[in-house]
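Close look at the chain arrangement
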Amino acid sequence: MEFIRPDSIDAAVAALQAENAACLAGGATLVAMMNADLVAPERLVSLRDVAALRTAMRQPDGSVVIGAMRRHRETAEETDLRDGQRVLSDAAGQIANPPVRNMGTIGGSCAFADPAADYPPALAAADARIALVGAEGRRTLPADAFFVDWYETALEPGELIESVILPPAPAGTAGSYTKLARVAGDFAIASVALVLGMEGDACSHLAVAVGACGPAPVRRRDVETELLGGGLGDSEIRRLTDALADGLDPVDDVRASADYRRRVAPRLVRQAIAEAKQCLSGTQ
Amino acid sequence: MTGASITLKVNGADRPVAAVAPWTTLLTVLRDELGLTGAKRGCNQGVCGACTVTIDGEPVRSCLSLALNCTDCEIATVEGLAPAGSLAPVQQALAEGNALQCGFCTPGILIAAHALLRRNEPLSVDEVRAGLSGNLCRCSGYKKIVEAVVRASEARP
Amino acid sequence: MKIAGSFNVAAPVELTWRAITDPQVVGACLPGCEEIEAVSPTLYRARIGVKLGPISATFAAEVEVLEEEPPVRVVSVTRGEEGGRASHIRSENTLTLEPADDGGTRVSYEADMTVTGRLAKFGFGVMKKKAQSLAADFAGNLEARLNEAASGG
């Protein structure tokens, strides 16, 4: 095994062009898997010294570019995230526990794509894009297209995540992440990332992504669009949760049965929407 | 595999270590090479918190930190909390509160609690519980641990 | 870990039976199967690679047919071991064929699988999803092959 610590993105990409090379970001997952003898990369490319990956910046248009090496703690405290973009900081603050939030990075979490991780649904609800860089150049993908299957992403060998880009959220929207877990800091049994806007009683913005209930976050944009302009009462929420339920493909595991996840996910959606509505009416 | 020769800065001192393989964790170096056995190898998966140390002032898992990635960092272990023969306030508080049973989790708890106490303000039970949520105590002696850390936060000037 | 499922193929039972008990056909349809050989009429050896996210494993597997009731049922046991990596799988499998209403065949499978060693440290929840998706890929490949044969290909 080789260990390389490049200090630029270009050098990191160059180092990654090798058989069985892996990026080492925060190490919170990769090193745990190495310790368990689940993975044994032949070359580790540590991104620790790549300063360009460690910044988060709000752009003039209100979008926020978060470098792949931003720690969960930094993202949880990120003041550049406003309105509905707060869905991401809310999720970041609920990942694991303080020491792990000091280590883990948004790029590492996205690349590993644990189906029960907290970022993927938050990124899906925020309509985020993932910026990738490889030997062939750069490309960006919407979160929906990035998270492909169980632990599988659209990352090609030799490519790394450069940043995550959150588009501006409409002013006055609220972003929240609602997570059901056995204990604080565990992986989710089910989770709901929500970006909601209300103008009076009418829904002006709606994005709901269910996490930990399938290989990738589940969203129903078609139903969300249909519900815009309406009151978002019980029957409308029911239409959304019924549609979402069709897309769920949860696992049976030590945390919960698949059946339990199916039952609890719609309730979490209802809870998240009720809380967000309350929060929005309190601020208007 | 011969490995690399590196220097780690641990508890303020430069500590050279020879033949460090890429997969060697900071925890392994601390315990097996430097004789600093305060940090414990519990799960080796980042779950239990017994290996917690600080890197550049922030608590992290030493079992998930590769030693070769830790050069140019300030590493602090439980051995560095107070000069030999004395106790840091947080250590004193846990000792006085009988806040340990088997003691295996204690070094990690001390590091995490010490970092919490840097905020220099009285902490609530919930704040302490959240701050220590990454440290498991299999004797389940949480109540006394939390009480001791709360008391330590209140006792500060 | 129990995995069960079924799929339909357009070919009649006899033809499906011949395909599904032919190691070369099975090897060609099974995702990740790198090689397969018949050691005896009831013992096969295969090399099978599986991948789950960042984890890859290659197993040297042995399939032993315990009971055979042509053309409707076969019971087998699969033992696999990962060269030098101390991971083992064992699976008891039952495959049942029955005529479907449309003249095709309904193939049902049941497997009771145990995984020990390093791979057992990974969650069984997702492993089961992966096994189900491999079974679905196998069914799709077998179906395509049988259809090809049926159309005189």
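An account of the accompanying structure is given in this report. Here the structure is a predicted model, which means the values were calculated and not measured. (Residues numbered from 1 in each chain as written. Chains lettered and ligands numbered in written order. Predicted model: local features only at pLDDT ≥ 70, side-chain atom pairs only at ≥ 80, totals over all residues. Heavy atoms only, no water.)

Let's talk about empty space enclosed by the protein
Counted according to the given criterion, the structure contains three cavities of 30 Å³ or more. The computed volume of the largest cavity comes to approximately 1400 Å³. Surrounding the largest cavity, 48 residues form its lining, Leu30, Ile48, Thr78, Asn93 and Met113 of chain C being those nearest its centre. Elements represented by at least two residues in the lining of the largest cavity include exactly strand S1 (2-9), helix H2 (23-29), strand S3 (43-52), strand S4 (55-69), strand S5 (73-82), strand S6 (88-99), strand S7 (105-116) and helix H3 (124-150) of chain C. Of all the elements, S4 of chain C adds the most residues to the lining of the largest cavity, at eight residues. Taken as a whole, the second largest cavity spans an internal volume of roughly 60 Å³. Lining of the second largest cavity is provided by 14 residues; of these, Pro115, Pro120, Pro215, Ala216 and Pro217 of chain A occupy positions nearest its centre. When contributions to the lining of the second largest cavity are tallied by element, the ones reaching two or more residues are helix H7 (119-125) and strand S13 (202-211) of chain A. (1 Å grid on protein atoms, 1.4 Å probe; cavity = no way out; pocket = protein on both sides within 12 Å on 5 of 7 lines; lining within 4 Å. Points joined across faces, edges and corners; volume = space filled by probe spheres on them. Helix = DSSP H or I, 4+ residues; strand = E, 2+ residues; numbered from the N terminus.)

Description of the pairing of strand S3 (residues 43-46) of chain A
Where a strand is regular, its side chains alternate between the two sheet faces. All names here are of chain A. Along S3, one buried face is formed by Arg43 and Val45 and the opposite face, lined by Leu44 and Ser46, is buried too. As paired strands, strand S1 (residues 2-4) and S3 are joined by three bridges and run parallel to one another. If you follow Glu2 over to S3, its bridge partner there is Arg43. Sheet topology places strand S2 (residues 21-24) next to S3; four bridges connect them, and they run parallel. Residue pairing for S3: Ala21 is matched across the bridge by Arg43. For the segment spanning S2, helix H2 (residues 30-35) and S3, crossover handedness is right-handed. (Buried < 20%, exposed > 50% of the residue type's maximum accessible area, 1.4 Å probe, protein only. Pairing = 2+ DSSP bridges. Right-handed = clockwise from strand over helix to strand, strands pointing away.)

Brief notes about the environment of Cys43 of chain B
All names here are of chain B. You can see Cys43 is positioned in the loop between helix H1 (26-33) and strand S3 (52-55). We classify Cys43 as partly exposed; its relative accessible area is 29%. Taking the C-alpha atoms as reference, Cys43 lies 27 Å from Ala88; in sequence the two are 45 residues apart.

Some thoughts on the nonpolar core
The biggest cluster of nonpolar side chains holds 112 residues, and the ones touching the most others in it are Leu88, Leu123, Phe146 and Leu166 of chain A, Leu8 and Ile75 of chain B together with Leu142 of chain C. The element that contributes the greatest number of residues to this core is H3 of chain C, accounting for eight residues. Those residues in contact with Leu123 of chain A that sit more than four places away from it in its chain are Leu88, Cys110, Ala128, Ile130, Ala143, Phe147, Val164 and Leu166 of chain A. In this structure, Cys203, Leu206, Leu232 and Ala243 of chain A belong to the second largest nonpolar core, which totals 28 residues. (Core = buried A, V, L, I, M, F, W, Y, C linked by side-chain atoms within 4.5 Å. Contact = heavy atoms within 4.5 Å.)

What to know about a nonpolar patch on the surface
Residues and elements named next belong to chain B. A cluster of nonpolar side chains, namely Val47, Leu136 and Tyr142, defines an oily patch on the protein surface of about 250 Å² accessible area. Topologically, Tyr142 is positioned in helix H5 (residues 142-154). The partly exposed category is assigned to Tyr142, whose relative accessible area is 32%. (Patch = residues over 30% accessible without salt bridge, like charges linked within 9 Å, V, L, I, M, F, W, Y side chains within 5 Å. Areas by Shrake-Rupley, 256 points an atom, 1.4 Å probe, with all protein chains shown as cover. Salt bridge = Lys/Arg side-chain N within 4 Å of Asp/Glu carboxyl O.)

Observations regarding helix H2 (residues 89-96) of chain B
Residue and element names in this part refer to chain B. Within the sequence span of H2, burial applies to Val90, Gln91, Ala93 and Leu94. Seen from one end, H2 has its buried residues packed into an arc of 160 degrees, which puts them on one side. For H2, the exposed residues lying more than 90 degrees away from the buried face are Pro89 and Glu96. A positive backbone phi angle near 50 degrees is found at Asn98, which sits one or two residues after H2. (Arc of directions from axis to C-beta.)

Here we look at the interface of chain B and chain A
At the junction of the two partners, chain B supplies 26 residues and chain A supplies 23 residues. Both sides together, the interface formed by chain B and chain A hides about 1900 Å², and carbon and sulfur atoms give 58% of it. If you sort the residues of chain B by the area they bury against chain A, Leu64, Leu66 and Asn69 of chain B come out on top, with a joint share of 31%. At the boundary of chain B with chain A, the tally comes to one salt bridge. Along the contact surface separating chain B from chain A lie ten residue pairs in polar contact (both at pLDDT 80 or more). Contributing elements (two or more residues each) for the side of chain B that touches chain A: strand S4 (58-61) and helix H4 (125-131) of chain B. By residue number, the principal contributor to the side of chain B that touches chain A is S4 of chain B, which donates four residues. (Buried area = accessible area lost by both parts, 1.4 Å probe. Polar contact = N/O pair within 3.5 Å; in protein donor to acceptor, adjacent residues only side chain to side chain.)

Considerations on the pattern of salt bridges
Here the structure, examined in full by the defined rule, presents 36 salt bridges over all chains. With its nearest N and O atoms 2.5 Å apart, the salt bridge here joins Lys129 of chain C to Asp249 of chain A. Highlighted residues: Lys129 of chain C in helix H3 and Asp249 of chain A in the loop between helix H10 (234-247) and helix H11 (258-283), drawn from two different chains. Owing to a relative accessible area of 15%, Lys129 of chain C belongs among the buried residues under this scheme. Among the residues examined, Asp249 of chain A registers a relative accessible area of 30% and is labelled partly exposed. Overlapping salt bridges bring together Asp127, Asp144, Arg219, Arg221 and Glu224 of chain A as one network.

Thoughts on the interface of chain C and chain A
In this complex, chain C contributes 13 residues to the contact, which on the side of chain A involves 15 residues. When chain C packs against chain A, the two sides together hide about 1300 Å² of surface, and 63% of this comes from carbon and sulfur. Here Glu152 of chain A and Lys130 of chain C are joined by a salt bridge, their closest N and O atoms 4.0 Å apart. Summed over the shared surface of chain C and chain A, the result is four residue pairs in polar contact (both at pLDDT 80 or more).

Brief notes about the packing of aromatic side chains
Summed over the entire model, instances satisfying the criterion amount to three aromatic pairs over all chains. Both rings, one in Phe146 of chain A and one in Phe147 of chain A, keep their centres 5.1 Å apart while their planes meet at 85 degrees; by these two values the pair is edge-to-face. (Phe/Tyr/Trp six-rings, centres within 6.5 Å; stacked < 30°, edge-to-face > 60°.)

Focus on the environment of Leu123 of chain A
All names here are of chain A. As for its placement among the helices and strands, Leu123 is situated in helix H7. On the accessibility criterion, Leu123 (0% relative accessible area) is buried. Along the chain, Leu123 and Pro142 lie 19 residues apart, while their C-alpha atoms are 8.9 Å from each other.

Overview of unusual backbone geometry
The omega torsion of the bond from Pro70 of chain C to Pro71 of chain C falls at -5 degrees, within 30 degrees of zero and hence cis. In this structure, Pro71 of chain C sits in the loop between S4 and S5. If you check the backbone angles, Asp72 of chain B has positive phi at about 65 degrees while not being a glycine. Looking at the element boundaries, Asp72 of chain B is found in the loop between S4 and strand S5 (74-76).

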